[in-house]
Amino acid sequence: MPDGVQLSRRTLLKASAVAGGGFALAATFPMAGRATAVSGPADLNAFITIRPDNTITIVGKNPEIGQGIKTMLPMLIAEELDADWDSVSVKQGMTDAAKYGPQLAGGSFATPMNWMPMRQAGAAARAMLIAAAAQRWGVDAASLATEPGRVVQPGSSRSATFGELASDAAMMDVPDPASLKLKDQADFRIIGRAIGGVDSPKIVRGEPIFGVDTQLDGMVYAAFERSPVFGATLKSADLAAAKAQAGVIDAFKVAANPQASLVEGVAVIASNWWLANKARASLSPQWDNGEWETHSTKAYAQAAKDAWASGKSDEVFAEKGDIDATFAEADRVLEAEYSYPFLAHVAMEPMNCTALMHEDGTMEMWAPSQTPQGGQQAVAGYLGVEPSQVKVHITRMGGGFGRRLNNDYMVQVAAIAKEMPGTPVQLIWSREDDLRSDFYRPAGWHKMRAAVNADGKLTGWADHFVTFDLGDGAFNPAAMDATEFPAKYVDNLKFEQTKMATAVPMGALRAPRSNALSFVMQSFLDEVAHATGKDLPTLMLELTDGVEAEPETQGFVGPQPGFSAPRLQAVTRKVMQMAKWGQPVADGHALGFGFYYSHMGYFAEVVEASLDARGNPVVHNVWTAGDVGSQIINPFGALNQVEGSIIDGIGQAIQLAVEIEGGAAKQSNFHNYPLPRMPMTPKIHVEWVLSDNAPTGLGEPALPPVIPALTNALFALTGKRVRSLPIDPQVFA
Amino acid sequence: MAHRVTINGETREIDAPGDMPLLWALRNELGMVGTKFGCGIGMCGACTVHVDGQATRSCSMPLSAVADKQVSTVEALEQTPVGQALQRAWLDGDVMQCGYCQAGQLMNATALLTNNPNPSDGEIDAAMQGNICRCACYKRIHAAIAKVARDEETANA
Ligand code: FES
Ligand code: FES
């Protein structure tokens, strides 16, 4: 089996004794191409610590947003260490690129990046414990084995706990990770076990573990007033009036810094956040909204229609065969216009960050960030200091969903804290700030065309995509790949795009691109299927019939398997069986299918839906077949991610949109951005299709297919096609 | 102005304006941060506490209105048998993802089961629909509440 990313030889392991007895293993997980030796004693840098009392501490290096990483990565280490999970405690690591390599919660990357390295680190520690026991007993290390938490010699009565061996183990040679034999899957005792989140006992007791729970001596609170219109500049504000309000300590302007995503506005500082926020009302700010005030979702939609009508686009980004001839000769041509709105992230914990500018000019931060290293760099860049001058504590986060990949709020609090050296400042955004200062999921407009020949075969596929010009950032959430399914499986293809200028900030929302494109592509393919007297899963199987898996490629995290049609086929067949596809369903209900491949995961889903008395869609059942590799590491966390993704997707399909009006987001809180609530929860049936691939992430890939599965079910039910999200019940009237 | 409020059995003096929401008095005046801020307008339930035993949105409850009342928060949840049973069910069922909404969910669920020890599925839905979970752990929240209700019933049978 291809194992994916390995603990490379550049990853340096170093062992040492711990003061008071015990064993510490330090590891550096270098960024690609950069090797740094572990500097200083290993116990200070300890990644794994084993104490004489048998307690084991493992550092969780990645940020926890609810995806379960703080539990899952230590499980990988504990498995190969053969630890007793009950003796393991997990400590959150600091932001430190040199020590930990990438510390990122995003892109479902952590699983494939860490599957082998974490296990190899655990196996190295285990090998050293065995070596220590072999030495103590004067026996061959090969004659020894481990039971959870102890080294034993099978066939003899020799046995010692890890704690008893720890101090000796610190003296053993550190093995070469590549030489270590890892456990066979069948021997796993921790991987594959449903294990509760390591922070959960604290959460149910309300202990302070989230970013916004940070409390420091003498801390003050900041609220930030900015224009709701994106791109606006501040003309004036009545700072004196704000300063006169109860509890207010200070109010001052903060200048924009576009490079650091810092917008212009006014910071209000008070002894209590509510007082700071309330005082914003007395600022009477005057804004210069410039040209952006005229921007609106409606205007963008009109521009898309104009672009389609003109027949001209900015760029053709994928083309093969002879598309014009194909459409001219087609037996049938299908045409449809699809669109989807801007969406907000609305993580449950509003954006916040705590910062303390020390008198020596260094900045210390407590940051709920999905990319704390990025935040550290952004703040250092903004302050004009080295990243090492910015110390960033990683806090647990009340959700991320991609919002906290952008660290604008970190720079914002740094801009405030630098004005108040020696005083810790906690910046909190109101829900209104959060909804109106997001990096939104981009809206998009697609004019789709499909050509079908006399045999009912799909011969041509075309899209004129109208999207936004977001410049050349690292990841463009408003882009579409030239390989977007079914591009590879039709002979004649044309993808072209037109890009609009905008000041609306956009970014990655859980399953970026895929969460929107799945709806367009799988809906329009469903149209093709119906037009040719088939159903969508059958069409998907036909399109990919006999196609072999593509060769391994070099992805963001290292070598990764290429797209595999057989894996698509397997999950599709599985879900058809689970949902009893093709068999009658309850009166007034219908089934719909959707497949999507994203973040290296293959998900096929079937939705059973109906309309309620007022014509609103209701989802009753969702069947999901997913392939994320050979092993589900923590079934508890895995299922939670899938269930959450499915409900998230249903909410997006049925009732969520951010509308830009007058250059600003119209939605402001949960009354007009109505997240799904408990009564909307369908029955969710999940099955895993295990495949011979290293495990990959689950934070995202279960979401995209549920949206078209729902709209396709509604078509099956009503004969009416949803081509615009969120679903407008008028379509069915 | 100083307000006298009894929180988790302890009487506290809070020197803050009377229109300050209880939520912000708890979090920023008393440093009791278990109670969470989610929306500030009574729409999400993250800030749920009990006032005289009733589930109450602390973001929408002015400090002046809780004078001389009994407030209890998630920090004292394990002192009630129902609260403790729910905490255990939450852990056994690995209910949470990010966990940020869960203090409010637990406080609301405790009020529900205290008033109605044996709710139907529909009653659980109705009672809990004011509490948003952005991570959408609804299936598990529902199951954990139903389990505690079932266990209670068995214990009393
Ligand atoms: S914060 Fe009180 S209901 Fe949302
Ligand atoms: S667990 Fe994240 S909001 Fe509920």
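It should be emphasised that the depicted structure is a prediction, and the values quoted were computed from it without experimental measurement. (Residues numbered from 1 in each chain as written. Chains lettered and ligands numbered in written order. Predicted model: local features only at pLDDT ≥ 70, side-chain atom pairs only at ≥ 80, totals over all residues. Heavy atoms only, no water.)

## A word on the overall build of chain A
When you go through chain A residue by residue, the secondary structure sums to 17 helices and 30 strands. Scaling as 2.2 N^0.38, a compact globule of 733 residues should have a C-alpha radius of gyration of about 27 Å, and chain A matches this with 28 Å. Its C-alpha atoms put chain A at 80 × 70 × 45 Å along the principal axes. Out of the 733 residues in chain A, the part that is buried amounts to 61%. In chain A, of all internal contacts separated by at least 6 residues, the share reaching a separation of at least 24 is 76%. Only carbon and sulfur atoms are counted for the fraction: they give 49% of the accessible area of chain A, which is about 26200 Å². Here chain A carries 59 positive and 79 negative side-chain charges, and the mean point of each set is 3 Å from the other. (Helix = DSSP H or I, 4+ residues; strand = E, 2+ residues; numbered from the N terminus. Rg over C-alpha atoms; globule rule 2.2 N^0.38 Å. Buried < 20%, exposed > 50% of the residue type's maximum accessible area, 1.4 Å probe, protein only. Contact = heavy atoms within 4.5 Å. Areas by Shrake-Rupley, 256 points an atom, 1.4 Å probe, with all protein chains shown as cover. Lys, Arg positive; Asp, Glu negative; His and termini not counted. Charge placed at Lys NZ, Arg CZ, Asp CG, Glu CD.)

## What to know about the packing of helix 2 (residues 81–92) of chain B against helix 3 (residues 102–115) of chain B
All names here are of chain B. Packing of helix 2 against helix 3 brings their axes to within 9 Å, and their N-to-C directions diverge by 130°. The angle between the axes of helix 2 and helix 3 places the two elements in the oblique class. The two elements helix 2 and helix 3 meet at a crossing, and its hand is right-handed. Across the interface between the two elements, Val82, Gly83, Leu86, Gln87 and Trp90 of helix 2 pack against Gln102, Gln105, Leu106, Ala109, Thr110, Leu113 and Thr114 of helix 3. Partitioning the contact of helix 2 with helix 3 into residue classes produces six nonpolar, six polar and no charged. (Axes fitted to C-alpha atoms, helices over the stretch in contact; angles between N-to-C directions. Parallel < 35°, antiparallel > 145°, perpendicular 65-115°, else oblique. Left-handed = near helix turned anticlockwise from the far one by under 90°. Nonpolar A, V, L, I, M, F, W, Y, C, P; charged D, E, K, R; others polar.)

## Considerations on the side chain of A:Thr326
Residues and elements named next belong to chain A. In this structure, threonine 326 sits in helix 9 (residues 323–329). The class of threonine 326 is buried, set by a relative accessible area of 10%. Beyond its immediate chain neighbours, meaning those up to four positions away, threonine 326 contacts Ala451, Thr459, Gly460 and Asn492.

## Some points on the nonpolar core
Core analysis: the biggest nonpolar cluster contains 225 residues, and A:Phe342, A:Met363, A:Met365, A:Ile416, A:Trp461, B:Trp90 and B:Ile145 have the highest contact counts within it. Top contributing element to this core by residue count: helix 13 (residues 514–531) of chain A, with nine residues. Look past the residues within four positions of A:Phe342 in its chain and what remains in contact with it is A:Thr297, A:Tyr300, A:Tyr440, A:Arg441, A:Pro442, A:Ala443, A:Phe468, A:Val504, A:Met506, A:Ala657, A:Val658 and A:Ile660. Ranked by size, the runner-up nonpolar core spans 55 residues in total, among them A:Ile50, A:Ile58, A:Ala125 and A:Ile633. (Core = buried A, V, L, I, M, F, W, Y, C linked by side-chain atoms within 4.5 Å.)

## Some words on the pattern of salt bridges
Summed over the entire model, instances satisfying the criterion amount to 42 salt bridges over all chains. Taking the shortest distance from any N to any O, the salt bridge between A:Glu527 and A:Arg723 comes out at 2.9 Å. With a gap of 196 residues between them, A:Glu527 in helix 13 and A:Arg723 in the segment after helix 17 (706–718) connect regions that are remote in the sequence. By relative accessible area, A:Glu527 is classed as buried at 11%. B:Asp94 is paired through a salt bridge with B:Arg140; the nearest N and O atoms lie 3.6 Å apart. Pair noted here: B:Asp94 is in the loop between helix 2 and helix 3 and B:Arg140 is in helix 5 (residues 138–156), with a separation of 46 residues, a long-range link. Residues B:Asp94 and B:Arg140 agree in their burial class; the two are buried. Each of A:Glu79, A:Asp82, A:Lys183 and A:Arg189 takes part in a single network of salt bridges with overlapping partners. (Salt bridge = Lys/Arg side-chain N within 4 Å of Asp/Glu carboxyl O.)

## Considering the interface of chain B and chain A
Interfaces are often sized by the accessible area lost when the parts come together. Every contact between the two is made by 53 residues of chain B and, on the other side, 59 residues of chain A. Across the interface of chain B and chain A, roughly 4600 Å² is buried in total on both sides, 60% from carbon and sulfur atoms. Inspection of the chain B/chain A interface yields six salt bridges. In this structure, A:Asp213 engages B:Arg27 in a salt bridge whose closest nitrogen and oxygen atoms are separated by 3.2 Å. Where chain B packs against chain A, one counts 29 residue pairs in polar contact (both at pLDDT 80 or more). At the level of secondary structure, the elements contributing two or more residues to the side of chain B that touches chain A comprise helix 1 (22–29), helix 2, helix 3, helix 4 (121–128) and helix 5 of chain B. Tallying contributions element by element places helix 5 of chain B first for the side of chain B that touches chain A, with five residues. Residues belonging to the side of chain B that touches chain A are distributed by class as follows: 28 nonpolar, 13 polar and twelve charged. (Buried area = accessible area lost by both parts, 1.4 Å probe. Polar contact = N/O pair within 3.5 Å; in protein donor to acceptor, adjacent residues only side chain to side chain.)

## Thoughts on the sheet that holds strand 26 (residues 601–611) of chain A
All names here are of chain A. Across the sheet, which stays open at both edges, the four strands sit in the order 25-26-27-30 with mixed pairing between neighbours. One side of each edge strand has no neighbouring strand; the edge strands of this open sheet are strand 25 (590–598) and strand 30 (683–688). Each strand of the sheet is rotated relative to its neighbour by a mean of 15°, with strand direction disregarded. Relative to strand 30, strand 27 (residues 617–627) runs parallel, the two sharing six bridges. (Pairing = 2+ DSSP bridges.)

## Digging into helix 10 (residues 372–383) of chain A
All names here are of chain A. With twelve residues, helix 10 ought to run about 16 Å at 1.5 Å a step, and its terminal C-alpha atoms sit 16 Å apart, in line with that. Burial in helix 10 covers these residues: Pro372, Gln373, Gly375, Gln376, Val379, Ala380, Tyr382 and Leu383. The inward-facing, buried residues of helix 10 abut helix 2 (97–100), strand 17 (363–367), strand 18 (390–394) and helix 11 (408–417). Of the residues flanking the end of helix 10, it is glycine 384, one or two places downstream, whose phi is positive at about 75°. (Expected span 1.5 Å × (residues − 1).)

## Some words on a negative patch on the surface
A surface patch of negative charge is lined by A:Asp314, A:Glu315, A:Asp469 and A:Asp472. Among the residues examined, A:Asp314 registers a relative accessible area of 52% and is labelled exposed. (Patch = residues over 30% accessible without salt bridge, like charges linked within 9 Å, V, L, I, M, F, W, Y side chains within 5 Å.)

## Considerations on the packing of helix 16 (residues 635–655) of chain A against helix 5 of chain B
Helix-helix packing is characterised by the crossing angle of the two axes and by the distance between the axes. Two elements in contact, helix 16 of chain A and helix 5 of chain B, have axes whose closest approach is 9 Å; the angle formed by their N-to-C orientations is 115°. Counting all contacts with helix 16 of chain A, which are made through A:Pro635, A:Phe636, A:Leu639, A:Asn640, A:Glu643 and A:Ile647, the residues of helix 5 of chain B involved are B:Tyr138, B:Lys139 and B:Arg140.

## Let's talk about unusual backbone geometry
Residues and elements named next belong to chain A. A cis amide bond links phenylalanine 485 with the next residue in sequence, proline 486, at an omega value of 10°. Within the secondary structure layout, proline 486 lies in the loop between strand 21 (458–468) and strand 22 (492–500). Looking along the chain, the bond that leaves leucine 725 and enters proline 726 is cis, with omega of -10°. Its place among the elements puts proline 726 in the segment after helix 17. Residues other than glycine seldom take positive phi values, yet serine 261 does so here, at roughly 55°. Non-glycine residue arginine 513 carries a positive phi angle of around 65°. Summarising the element assignment, arginine 513 is placed in the loop between strand 22 and helix 13.

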